[in-house]
Amino acid sequence: MNIVILFTILFYLFGTAGYFAYLFLQKNYMQKWGFFFISAGFLCNCLIICFGYIKSGWFPAQNLRETLFIAGWAVSGIFIILHHKFNLRILGIYAAPLVFAVIMAASLIPDSGGAIKDISNSFWLISHILVILSGDAALAMACGAGVFYLIQEHAIKTKKRGFFFKRLPSLELLDSTGYFCIVLGFTFITIGLITGLVYAKVVWGRFWGWDPKEVWSVITWFLYAALLHQRLTVGWRGRKAAIMAIIGFAAVLFTFFGVNFILGGHHEEFTKW
Amino acid sequence: MSDLEIDIKKTDIILAGLNHKTAPIELRERIAFSQEDILRALDVLGNQPAINEITVISTCNRVEALMVVQDKVEAVENVKQFSSELKNVPVSIFDESFYVHIGDEAVRHIFRVASSLDSMMIGEPQILGQVKAAYLTSTQKKTSGVILNRLMHRAFFVAKRIRTETGIGDHAVSISYAAIELCKKIFGSLTDKKALLAGAGEMAELAVEHLIRNKAGDIIVANRTFERGLELAGRFNGYAIKFDEITEYLKTVDIVISSTGAQNFIITRDQVKSVMRIRKNRPLFFIDIAVPRDIDPEINRLNNAYVYDIDNLQDVISENIEDRNRESVKGDRIVDEAVINFRKWCESLKAVPTIVALRKKFDAIAEAEIKKTFKSLNKLSADEKNAINIMINSLINKILHDPTIFLKRNGFMGDSAKYIDITKKLFNLN
């Protein structure tokens, strides 16, 4: 198990190094290596989750450590999908260190083991966790694309082409990647919220309990719903969409971490240590 | 091998001519060689006793003769005399602009020319094709030999390497092309993007041609005189609109190229602001080539609208030129390396006459000894004699194998002259 975690961390680290070398030196083979290592890390990351399952007999999302391993898995998985769909190489500069940091953080957290309840293997719970985290990963990528969009737009508007101008792709590609990520992420978190509601009904006998995490999830959901609505009706795109993607992801992060650390609630044990 | 025996030691590679750095345009256009002139030059100069091999390169920025010569002074004189007579220009007029590079310097020069490091606009891609064409002509005329063949192929290789390993060819250095590059940074692909051309002018029309080459969609032409607009639209396979219809068309086009003689802005901020809502904020890029400007620069502050005027584009170009100049330093490093390698190859060639002489000496000794032996052994059959001859021959081959390899390879490690000298003394070759 530990050796698999070590390899995952190393692969993600090499992937990060590959993408940074690509950023500075602009040699194509560097990003190819970067992508190769991220893919290898993704496979090892799958193994971590599988071993966790086999070892405990429960779906391994009982504490923050295990949840972060799944989050890292989701980020690299979404990144691999995006890479194939848009070939937006530069996104690796954002995704690779992010996934490395997530897995590194996960590995540093002591394996405390949560209070396992016999409901933990419920279909609704597993799909709730996987879908929500994949959605969050897609929204994280949307945030990255948004940041790159703002940098590139700034360079074009101010006519001061700096380090990034030739390294970043066209505004159109950044915008459409961001849009795709938000549609994907929004779909996932919608499904995730529904499965969560069903799960709550199964376990606690009610759909909704004004739990802080529930409330913040819905706030986040409304933020993205508003963004998508504005885009489709009045064409919120480009700069505004990029800023919204970043704000939205801040809300996602708060829902993921902040609520547990500050506000408490019944998700506590899953993401606390 | 026998070709190379012709005193390779005495030959030199030289490059003589003039270019944009030494000669003003008035002079270059008087000297420039047409294709017929080049053919004639190869005929006449190629037959001069002083010149072994020759290639003549003539572009609008340079006329140069690259030669392998027996006698430097005479060869240069031949070239000057020939050009002067052919072009009817006294030598005194171009003598000052005329340069002669010898040996490594000539090799370096032709490498730099082929790689576009010596061009007026560093990194321009045409020169390599022109050098290749010049070389092709000389191979057809059979005025290039072992050394020029090798040299030119190295030059093509170096040029290719510099183009892929450095950024000397990256980024636009013309107004119209810089505008298109910006379009690509905004829209990604230009396929089916609609463009509106307001007014007319060389740069604007060039930009439209670039757009068409990038598979842009409709080209819409607005001109104060509708007939002129129609004519331009016909050329670009687009359609003409009236000048005051521009606002209406801002709703659908993606790129506006403006180059009118108007004294005031023809498109204002308020116009665009109201249009952006209807466009659902799809990006709109204004390229303003006109002086005085046609497009209100305030439009650049609107979301998803971008304005570049001629000065902005000029700045982009200057930056790109600086980039290319920086990259050319890397190019020169690659050239230096290639020059050294070529010198080593030339030096290894110089070992060839010594090797030949060595071989001849051994053959002569063997022949004399065989004669003596056969005299005393007169009962040998033809077959037996033949077998002895073969044996002697392979003996010589085996003995000379290592020294030959050593002398040839040594050229690549420097100091070959020393070993050639020792070999000569050791075997008393001369």
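Criteria and cut-off values
- Sequence order as written defines residue numbering, which begins from 1 separately in each chain.
- In the order they appear in the text, chains get letters beginning with A and ligands get numbers beginning with 1.
- Given that this is a predicted model, residues contribute local features only at a pLDDT of at least 70 and side-chain atom pairs are listed and counted only at 80 or more, while totals for whole chains, interfaces and linings are drawn from all residues.
- To obtain the side-chain values, all non-hydrogen atoms of the structure were included, while hydrogens and water were left out.
- The secondary structure listing takes helices from DSSP runs of H or I that are at least 4 residues long and strands from runs of E that are at least 2 residues long, numbered from the N terminus.
- Under the scheme applied here, a residue whose accessible area is under 20% of the maximum for its type counts as buried, over 50% as exposed, and between as partly exposed, the area being computed with a 1.4 Å probe on protein chains only.
- Contacts are assigned to residue pairs with any non-hydrogen atoms lying within 4.5 Å of each other.
- Where accessible areas are quoted, they stem from the Shrake-Rupley method and a 1.4 Å probe; at the residue level, only the protein chains shown are allowed to cover.
- Here the positive residues are Lys and Arg and the negative ones are Asp and Glu; neither His nor the chain ends is included.
- Every charge is mapped to an atom, namely NZ of Lys, CZ of Arg, CG of Asp or CD of Glu.
- Two parts placed together each lose some accessible area; with a 1.4 Å probe, that loss summed over both constitutes the buried area.
- The salt bridge criterion pairs a side-chain nitrogen of Lys or Arg with a carboxyl oxygen of Asp or Glu, the two atoms within 4 Å.
- Pairs of N or O atoms are called polar contacts if they sit within 3.5 Å, as long as, within protein, a hydrogen donor faces a hydrogen acceptor (for residues adjacent in sequence, only side-chain-to-side-chain pairs).
- Patch construction takes residues with relative accessible area above 30% that form no salt bridge. Like charges are linked within 9 Å, and nonpolar side chains (Val, Leu, Ile, Met, Phe, Trp, Tyr) are linked within 5 Å.
- Any two rings among Phe, Tyr and Trp, with Trp reduced to its six-membered ring, count as a pair given centres within 6.5 Å; such a pair is stacked if its planes are under 30 degrees apart, edge-to-face if over 60, and tilted if neither.
- We count a charge as sitting over a ring when the NZ of a lysine or the CZ of an arginine lies within 6 Å of the ring centre and within 35 degrees of the ring normal.
- Only buried Ala, Val, Leu, Ile, Met, Phe, Trp, Tyr and Cys residues count toward a nonpolar core, and they belong to the same one when joined by side-chain atoms within 4.5 Å.
- Two strands make a pair as long as DSSP finds a minimum of two bridges between them.
- Angles here are taken between N-to-C directions and fall from 0 to 180 degrees, while the axes themselves are lines fitted to C-alpha atoms, restricted in helices to the stretch in contact.
- Where each domain starts and ends comes from a domain assignment, either automatic or drawn from a database.
- For this classification, the nonpolar set comprises Ala, Val, Leu, Ile, Met, Phe, Trp, Tyr, Cys and Pro, the charged set comprises Asp, Glu, Lys and Arg, and every other residue, Gly included, is treated as polar.

Notes on the overall build of chain B
Helix and strand counts for chain B stand at 16 helices and ten strands. In chain B, which comprises 430 residues, the proportion classed as buried is 47%. The long-range fraction of contacts in chain B, counting pairs at least 24 apart against all pairs at least 6 apart in sequence, stands at 72%. Total accessible area on chain B is roughly 21,700 Å²; 52% of this is exposed by carbon and sulfur atoms. Across chain B, the 60 positively charged side chains and the 59 negatively charged ones have centroids separated by 7 Å.

Points about the interface of chain A and chain B
Each side of the interface is counted separately: chain A has 23 residues, and chain B has 25 residues. Taking both partners together, chain A and chain B bury about 1,900 Å²; carbon and sulfur atoms supply 44% of that area. Summed over the three residues of chain A that lose the most area to chain B, namely Lys-157, Lys-159 and Arg-161 of chain A, the buried surface amounts to 35% of that side. Notably, a salt bridge pairs Arg-161 of chain A with Glu-319 of chain B, separated by 3.1 Å at the nearest N-O pair. On the surface where chain A and chain B come into contact, there are 15 residue pairs in polar contact (both at pLDDT 80 or more). Elements represented by at least two residues in the side of chain A that touches chain B include exactly α5 (123-158), α6 (171-204), α7 (212-234) and α8 (239-263) of chain A.

A closer look at the environment of Tyr-94 of chain A
All names here are of chain A. Mapping Tyr-94 onto the fold places it in helix α4 (residues 92-108). In the structure, Tyr-94 is positioned 49 residues away from Cys-143 in sequence and 9.6 Å away in space, judged by C-alpha atoms. If sequence neighbours within four positions are ignored, Tyr-94 has contacts with Ala-140, Met-141, Cys-143, Gly-144, Phe-148 and Phe-249.

Concerning a nonpolar patch on the surface
Residue and element names in this part refer to chain A. On the surface, a cluster of nonpolar side chains totalling about 520 Å² of accessible area is made up of Ile-3, Leu-6, Phe-7, Leu-10, Leu-13 and Phe-14. As for its position among the elements, Ile-3 is in helix α1 (residues 2-25). A residue is classified by how much of its surface remains accessible, and Ile-3, at 52% relative accessible area, is exposed.

Here's the deal with the packing of aromatic side chains
Summed over the entire model, instances satisfying the criterion amount to 26 aromatic pairs over all chains. Taken together, a centroid distance of 5.9 Å and an interplanar angle of 15 degrees make the contact between Phe-42 of chain A and Trp-73 of chain A stacked. Taken together, the residues span a long stretch of sequence, with Phe-42 of chain A in helix α2 (residues 28-56) and Trp-73 of chain A in helix α3 (residues 64-86) at a distance of 31 residues. With a relative accessible area of 18%, Phe-42 of chain A lands in the buried category. For Trp-73 of chain A, a relative accessible area of 22% corresponds to the partly exposed category. Seen from their ring centres, Tyr-135 of chain B and Phe-156 of chain B are 5.8 Å apart, and the 65 degrees between their planes marks the pair as edge-to-face. Placement of the pair is Tyr-135 of chain B in helix α7 (residues 126-140) and Phe-156 of chain B in helix α8 (residues 146-165), with a sequence separation of 21 residues. An aromatic cluster of at least three residues, connected via ring pairs, comprises Phe-7, Phe-11, Phe-14, Trp-33, Phe-36 and Phe-37 of chain A. Lying over the aromatic face of Phe-86 of chain A, Lys-85 of chain A brings its terminal NZ or CZ to 5.5 Å of the ring centre.

So, the nonpolar core
Core analysis: the largest hydrophobic core is formed by 111 residues, its most contacted members being Met-141 and Tyr-224 of chain A together with Ile-255, Ile-257, Phe-285 and Ile-287 of chain B. Looking at this core element by element, the count peaks at 16 residues for α5 of chain A. Those residues in contact with Ile-255 of chain B that sit more than four places away from it in its chain are Cys-183, Phe-187, Leu-190, Lys-193, Lys-194, Ala-195, Leu-196, Leu-211, Leu-284, Phe-285 and Ile-287 of chain B. Membership of the second largest hydrophobic core comes to 38 residues, among which are Ile-127, Val-131, Ala-134 and Ala-159 of chain B.

Some remarks on the sheet that holds strand β4 (residues 99-102) of chain B
Residue and element names in this part refer to chain B. A sheet is described by the order of its strands in space; here four strands give the open sequence β2-β3-β1-β4, paired in antiparallel fashion. With partners counted over all chains shown, the strands left at the sheet margins are β2 (51-59) and β4, one partner each. Between one strand and the next, the sheet's axes are offset by a mean angle of 15 degrees, whatever the strand orientation.

Brief notes about the domain arrangement of chain B
For chain B, the domain assignment lists domain 1 (2-170), domain 2 (175-315) and domain 3 (348-427). Summarising the inter-unit geometry, the C-alpha centres of domain 1 of chain B and domain 2 of chain B are found 45 Å apart.

A word on the domain arrangement of chain A
All names here are of chain A. Domain annotation for chain A reports domain 1 (1-117) and domain 2 (122-273). For domain 1 versus domain 2, the distance between C-alpha centres works out to 19 Å. Every contact between the two is made by 29 residues of domain 1 and, on the other side, 35 residues of domain 2. Note on domain 1 versus domain 2: buried area summed over both sides is about 2,800 Å², and carbon and sulfur give 82% of it. For the interface between domain 1 and domain 2, the tally reads zero salt bridges. Inspection of the domain 1/domain 2 interface yields three residue pairs in polar contact (both at pLDDT 80 or more). Secondary structure elements with two or more residues in the side of domain 1 that touches domain 2: α1, α3 and α4. Broken down by element, the side of domain 1 that touches domain 2 gets its largest block of residues, twelve residues, from α3. In the side of domain 1 that touches domain 2, the residues fall into 23 nonpolar, four polar and two charged.

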